[in-house]
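Coordinate inspection notes
The primary structure of each chain is shown beneath.
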Amino acid sequence: MSGPVLVTGAAGRVGTVLREGLPERGWPVRSLDVVELPEPRPGEETLVADVTDLGALTAATAGAAAVVHLAGVSGESTWAAVSSANIQGTWTVLEAARRTGVGRVVLASSNHATGFTRRPASGPLGEHDGPARPDTFYGVTKVAGEALGSLYADRYGLDVVCLRIGTQAPEPPTTRALATWLSPRDTVALVDAALRAPSPGFRVVWGTSANTRGWWDLAAARELGYQPQDDAEQFAAALVAAHGEPDPADPVHARVGGEFTLPAYDAEE
Ligand code: 15L
């Protein structure tokens, strides 16, 4: 593969980590966001565009080695806002890749595609252990994004790797995140594996660090070549001292989507 990796949503939390980490792993980056990108790195190309603009995305995708699509609304919102940015945006990126002959797209999916799934009493949850159970309109858009990826893989032969990301943050922010955390360096390792794996076709893989308390099976991600380095357990004592042991009867801990499954996340439109 030659050419840069186009990263959409590059100004966001995950994008900021990748702008730093991908070049260190040999991937030049073309960063795109709807806002001006702060402090371009040496060798980084930067573009400002709305991810639903097919003309702009087609121009941005031309000559890229692959696309890492992160842009969109990253939590619950109105149906109008989240469906446009996330579903229309994902279609736009896949269609731009098809038109320009870019063969690989890595999609940022989310655990909230399955948020109402009960946390397993024992044993890890695989990607295909149950139907989609979105916990929000946001979760529905992630299910739709995976479906679009599947269509573009089967119909047009694109390699599409969907990363069902847990909680991407510098440190686990809550006791739930002791299970769901994806560290910054493991974020880079996971995306690097998704970019490098030979002919993956269509894949859906969980994206967390190697957390002692994790409930998602990392086998499919490891099959791509992902080797997680971090474990949220190093933060457990401090988080449990501050917030108490997670109560398995609390819906936040009983369902994999945590807070997103609560009535407070009931969007009005
Ligand atoms: C997500 O998909 C969100 O983008 C992020 O803000 C977190 O809420 C994360 O899931 C999580 O489940 O912790």
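Worth saying up front: this structure is predicted, and the values here are computed from it rather than measured.

1. A closer look at the overall build of the chain
In terms of helices and strands, the chain carries nine helices and nine strands. Taking the principal axes of the C-alpha coordinates as reference, the chain spans close to 50 × 40 × 35 Å. Going through the 269 residues of the chain one by one, you find that 49% of them count as buried. Contacts in the chain between residues at least 24 apart in sequence constitute 69% of all its contacts with a sequence separation of at least 6.

2. Describing the site of the ligand
Every residue near the ligand is listed here: Ser-74, Gly-75, Ser-110, Asn-111, His-112, Thr-167, Thr-180 and Gly-258. Its residues assigned to classes, the shell around the ligand shows no nonpolar, eight polar and no charged.

3. So, the UniProt feature "domain: NAD-dependent epimerase/dehydratase" (unreviewed entry) in the chain
If you check UniProt for "domain: NAD-dependent epimerase/dehydratase" (unreviewed entry), the listed places come out as residues 5-166 in our numbering. Annotation note: span residues 5-166, helix share 38%, strand share 19%, distance between end C-alpha atoms 23 Å.

4. Notes on the packing of helix α2 (residues 54-61) against helix α3 (residues 79-100)
Relative orientation of the contacting elements α2 and α3 amounts to 50°, with a least axis distance of 8 Å. Comparing the axis directions of α2 and α3 gives the class oblique. As for how α2 packs across α3, the hand of that crossing is right-handed. Taken together, the residues of α3 that come into contact with α2 (itself represented by Leu-54, Leu-57, Thr-58 and Thr-61) are Thr-92, Val-93, Glu-95, Ala-96, Ala-97, Arg-99 and Thr-100. Within the contact of α2 with α3, the residues separate by chemical class into five nonpolar, four polar and two charged.

5. Observations regarding the sheet that holds strand β1 (residues 5-8)
Spatially, seven strands are ordered β3-β2-β1-β4-β5-β6-β9 in an open sheet, and the strand pairing comes out parallel. With one partner strand each, in any of the chains shown, β3 (45-48) and β9 (202-207) form the two edges of the open sheet. For this sheet the average axis-to-axis angle between neighbouring strands, irrespective of direction, equals 20°. In this sheet, β9 lies alongside strand β6 (residues 159-165) in parallel orientation, the contact comprising six bridges. Residue pairing across strands places Cys-162 opposite Val-204, the latter belonging to β9. Contacting β5 (104-110), β6 and β9, helix α4 (residues 137-156) crosses the sheet at an angle of about 160° to β5. Sheet contacts for helix α6 (residues 184-196): β1, β4 (66-69), β5, β6 and β9; angle to β5, the most-contacted strand, approximately 140°.

6. What about the packing of α3 against α4?
At a minimum axis separation of 9 Å, α3 and α4 run at an interaxial angle of 15°. Taken as axis vectors, α3 and α4 run roughly parallel relative to one another. Taken as a pair, α3 and α4 cross one another with a handedness that is right-handed. Here α3 contributes Trp-79, Val-82, Ser-83, Asn-86, Ile-87, Thr-90, Trp-91, Leu-94 and Arg-98 to the contact with α4, which in turn contributes Phe-137, Tyr-138, Thr-141, Ala-144, Gly-145, Leu-148, Gly-149, Tyr-152 and Tyr-156.

7. What about α6?
Compared with an ideal rise of 1.5 Å per residue, which puts 13 residues at 18 Å, α6 spans 18 Å between its outermost C-alpha atoms and is within 8% of the ideal. α6 sits mainly inside the fold: 10 of its 13 residues count as buried. Here α6 has its buried residues at Pro-184, Asp-186, Thr-187, Ala-189, Leu-190, Val-191, Asp-192, Ala-193, Ala-194 and Leu-195.

8. Points about the pairing of β6
Counting buried residues in β6 gives seven out of seven residues, a clear majority hidden from the surface. In the sheet, β5 pairs with β6 via seven bridges, with the strands oriented parallel. Across the sheet, residue Ser-110 finds its bridge partner in β6, namely Ile-165. The β-α-β motif built from β5, the intervening α4 and the parallel element β6 has right-handed crossover chirality.

The rules behind these values
Residues numbered from 1 in each chain as written. Predicted model: local features only at pLDDT ≥ 70, side-chain atom pairs only at ≥ 80, totals over all residues. Helix = DSSP H or I, 4+ residues; strand = E, 2+ residues; numbered from the N terminus. Buried ≥ 20, exposed ≤ 12 C-beta atoms within 10 Å, placed from the backbone. Contact = placed C-beta atoms within 7 Å. Near = placed C-beta within 6 Å. Nonpolar A, V, L, I, M, F, W, Y, C, P; charged D, E, K, R; others polar. UniProt positions renumbered as here; feature names shortened; annotations may be inferred. Axes fitted to C-alpha atoms, helices over the stretch in contact; angles between N-to-C directions. Parallel < 35°, antiparallel > 145°, perpendicular 65-115°, else oblique. Left-handed = near helix turned anticlockwise from the far one by under 90°. Pairing = 2+ DSSP bridges. Expected span 1.5 Å × (residues − 1). Right-handed = clockwise from strand over helix to strand, strands pointing away.

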